[in-house]
Amino acid sequence: MLKGRQQENYQFSIHFDQQFLTELYGDDMRSAEEVFQSSIIQIHQELEVAETLFKKGNITEVRKIFHRIKPLFGYVGLLPVQDYIQTFEDNCIHFREIEGLALAFENLKVIILDASTKISEEKNRLGDYNKRRA
Amino acid sequence: MKYSSIIVEDLQTAADFLKKFCERSGLVEVQGHFLNAEDALIYLSENLVDLIFLDVEMPGATGFDLMDRLVYTPQVILTTSKTEYAYDAFQYNVTDYLKKPFTYQRFLESLQKVQVKKEEEDSNSERDHIFIKSDGKLIRLKNDDILFIESMGDYVKFVTAEKKYITHNTIKNLETKVDPMRFMKVHRSYIVNLSRIDDIQENSLYIKGTMIPISKAHKARVMQKLNIV
């Protein structure tokens, strides 16, 4: 009986912090799916704006955008991405010119886009799981 | 009894989690969600709440700016994704500091702190005196005897008709410790005993010949509190 129940519980992919997500969502995988979905949309939208602002050299606003989206990576269980963003935020305060931040910005973009792909794949897995349980 | 609250948060996902946690606890009623401090201040100028869930960095004014401009002192739980604000949070005497994202369990711990603080405030307001540390001893001051309290940086001055006492404290902290029925903050540097006000002229009030400024942000509330016929 217990074994059967355990099999019903959703297991997040290895990249995601299973324990934290279980604490956050319990067994409400519909909420998890919604949050994953809305996070992907917001991350892409804000990243696009950040790129434009970065090209214009507006580091203050770029930092604010990353600060705003940082917790989203926590809500989807990719906690280390928050640390990368925090490091970039700190760099934004230390470096006032975009030249000093260009490489860090590109690196962060790669990390965020990779995370975004993982969130998207997990969102699809969650969707399939919720459909099966419907 | 439920705590009335508002959420001031520019990240919708974070606000949604908070709303769910409040609902699940059965202890907190969320009266509104505001995406920035300015909108929240407009609401707070006309509505009293027990508790504010407050983000720090938002578009425009920060959460600390909001606390500076509050004309009364509800409990505040800061919700932020940056730990560097902990020192400021302590200075502002906030009830708790939640780092986003946080779990429901951590949220409940915060609510326990709210409850403890509320009980402390309630018991303080029932007393007719306070104790202050001054000159190496604890001195009992009757509420009736205190004319006003003035900020002096990291210290405050308690002024009575007979004597002045200087003690290590802040106006922000004292605001929650004194009897709210009797005392009121009228300026970021002054708390006055309402029953000892002699007269008010424009943006100042007078107690035993001392002029005390009333800030623009506090004036409406001061006038409300006074028994004007």
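None of these values were measured; they are calculated from a predicted model. (Residues numbered from 1 in each chain as written. Chains lettered and ligands numbered in written order. Predicted model: local features only at pLDDT ≥ 70, side-chain atom pairs only at ≥ 80, totals over all residues. Heavy atoms only, no water.)

**Some points on the confidence of the model for chain B**
And step 1. For chain B, per-residue confidence averages 90 on the pLDDT scale, and 98% of positions sit at 70 or higher.
And step 2. What the predictor reports for the complex is a pTM of 0.72 with an ipTM of 0.88. (pLDDT = per-residue confidence, 0-100.)

**Concerning the interface of chain B and chain A**
And step 1. Counting residues at the interface gives 15 residues for chain B, matched by 19 residues for chain A.
And step 2. Together, the buried faces of chain B and chain A total about 1700 Å²; carbon and sulfur atoms form 58% of this surface.
And step 3. Contact with chain A buries surface across chain B, with Leu11(B), Phe17(B) and Pro101(B) losing the most and accounting together for 33% of the total.
And step 4. At the boundary of chain B and chain A, one finds 2 salt bridges.
And step 5. Residues Arg68(A) and Asp10(B) are paired through a salt bridge, measuring 3.7 Å at the closest nitrogen-oxygen approach.
And step 6. Here chain B is connected to chain A by 3 residue pairs in polar contact (both at pLDDT 80 or more). (Contact = heavy atoms within 4.5 Å. Buried area = accessible area lost by both parts, 1.4 Å probe. Salt bridge = Lys/Arg side-chain N within 4 Å of Asp/Glu carboxyl O. Polar contact = N/O pair within 3.5 Å; in protein donor to acceptor, adjacent residues only side chain to side chain.)

**Section: the nonpolar core**
And step 1. Among the nonpolar cores identified, the biggest contains 58 residues, and Tyr25(A), Phe66(A), Phe73(A), Ile119(A), Phe53(B) and Phe107(B) are the most heavily contacted of them.
And step 2. Ranked by residue count, the leading element in this core is helix 3 (residues 29-55) of chain A, at 10 residues.
And step 3. If near-sequence neighbours (up to four positions away) are discounted, Phe53(B) is found in contact with Ser5(B), Ile6(B), Ile7(B), Val8(B), Leu18(B), Cys22(B), Val28(B), Ile77(B) and Phe107(B). (Core = buried A, V, L, I, M, F, W, Y, C linked by side-chain atoms within 4.5 Å. Buried < 20%, exposed > 50% of the residue type's maximum accessible area, 1.4 Å probe, protein only. Helix = DSSP H or I, 4+ residues; strand = E, 2+ residues; numbered from the N terminus.)

**Some details on the sheet that holds strand 15 (residues 210-213) of chain B**
Residue and element names in this part refer to chain B.
And step 1. Within the open sheet, the 3 strands sit side by side as 13-14-15. Their pairing is antiparallel. Every interior strand has two partners, whereas the edge strands, strand 13 (199-201) and strand 15, have only one. Taking each pair of neighbouring strands and ignoring which way they run, the sheet shows an average axis angle of 30°.
And step 2. Taken together, the 3 bridges between strand 13 and strand 14 (residues 204-207) define a ladder with antiparallel strand orientation. Across the sheet, the residue bridging to Ile200 is Leu205, located in strand 14. (Pairing = 2+ DSSP bridges. Axes fitted to C-alpha atoms, helices over the stretch in contact; angles between N-to-C directions.)

**Details of the pairing of strand 7 (residues 137-142) of chain B**
Residue and element names in this part refer to chain B.
And step 1. With 6 bridges connecting them, strand 6 (residues 129-134) and strand 7 associate as antiparallel partners. Each residue of the ladder has a partner; that of Ile132, found in strand 7, is Ile139.
And step 2. Here strand 6 folds back onto strand 7 in antiparallel fashion, the turn holding 2 residues, of which Asp135 has a positive phi close to 50°.

**Observations concerning unusual backbone geometry**
Residue and element names in this part refer to chain B.
And step 1. In this structure, Pro101 follows Lys100 across a cis peptide bond, with omega equal to -5°.
And step 2. Tracing the chain through its elements places Pro101 in the loop between strand 5 (96-99) and helix 5 (104-125).
And step 3. In this model, Glu202 sits at a positive phi of 50°, which is unusual for a non-glycine residue.
And step 4. For Glu202, a relative accessible area of 67% corresponds to the exposed category.
And step 5. A positive phi angle is found at Lys208, which is not glycine, with a value near 45°.

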